[in-house]
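What the coordinates show
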Amino acid sequence: MAARRCSYCQEKIQPRAVVCPHCRRDLPEDEAPGRSLLGWGAVMASGALLAAAAVLAASAFLRERRTWTRGQGESPGS
């Protein structure tokens, strides 16, 4: 990974740094790796996929239930 610059002192720092080794300041959360909200995009996408799968499963269940209940009301000879 390429080096990046501290947002306070503009010195080059390691890409994974959480504290600047030059000015000893904590890096903002949006710049510190592993603490950004970038990972939330993946969480939200997986949640949307899970919700879509649940909707599909529920619709398949209701369709099957409707078919089954229609068959219950008919007489065996018809």
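Read on for a plain summary of the structure. From a predicted model like this one, the values you see are computed outputs, not experimental measurements. (Residues numbered from 1 in each chain as written. Predicted model: local features only at pLDDT ≥ 70, side-chain atom pairs only at ≥ 80, totals over all residues. Heavy atoms only, no water.)

Overview of the overall build of the protein
Note the cut-off: Runs of E in the DSSP output that reach at least two residues are strands. Runs of H or I that reach at least four are helices, and both are numbered from the N terminus. For the exposure calls, accessible area comes from a 1.4 Å probe over protein chains only, and a residue counts as buried if that area is under 20% of its type's maximum, exposed if over 50%, partly exposed in between. Contacts are residue-level and defined by heavy atoms, with any inter-residue pair within 4.5 Å sufficient. Accessible surface area values rest on a Shrake-Rupley calculation with a 1.4 Å probe, where residue burial reflects the displayed protein chains alone.
Across its full length, the protein holds one helix and two strands. Secondary structure elements in the protein, listed N-terminal to C-terminal, are β-β-α. Buried positions account for 10% of the 78 residues belonging to the protein. Considering only contacts in the protein between residues 6 or more positions apart, those separated by 24 or more positions represent 7%. Carbon and sulfur atoms form 60% of the exposed surface of the protein, whose accessible area is close to 6,500 Å².

Notes on unusual backbone geometry
The residue Q10 is not glycine, and still its phi comes out positive at about 65°. Assignment of secondary structure puts Q10 in the loop between β1 (4-5) and β2 (12-13). Positive phi values are uncommon outside glycine, yet R24 reaches one of about 60°. Note that R24 resides in the loop between β2 and α1 (38-73).

Honestly, it's all geometry; don't read function into it.
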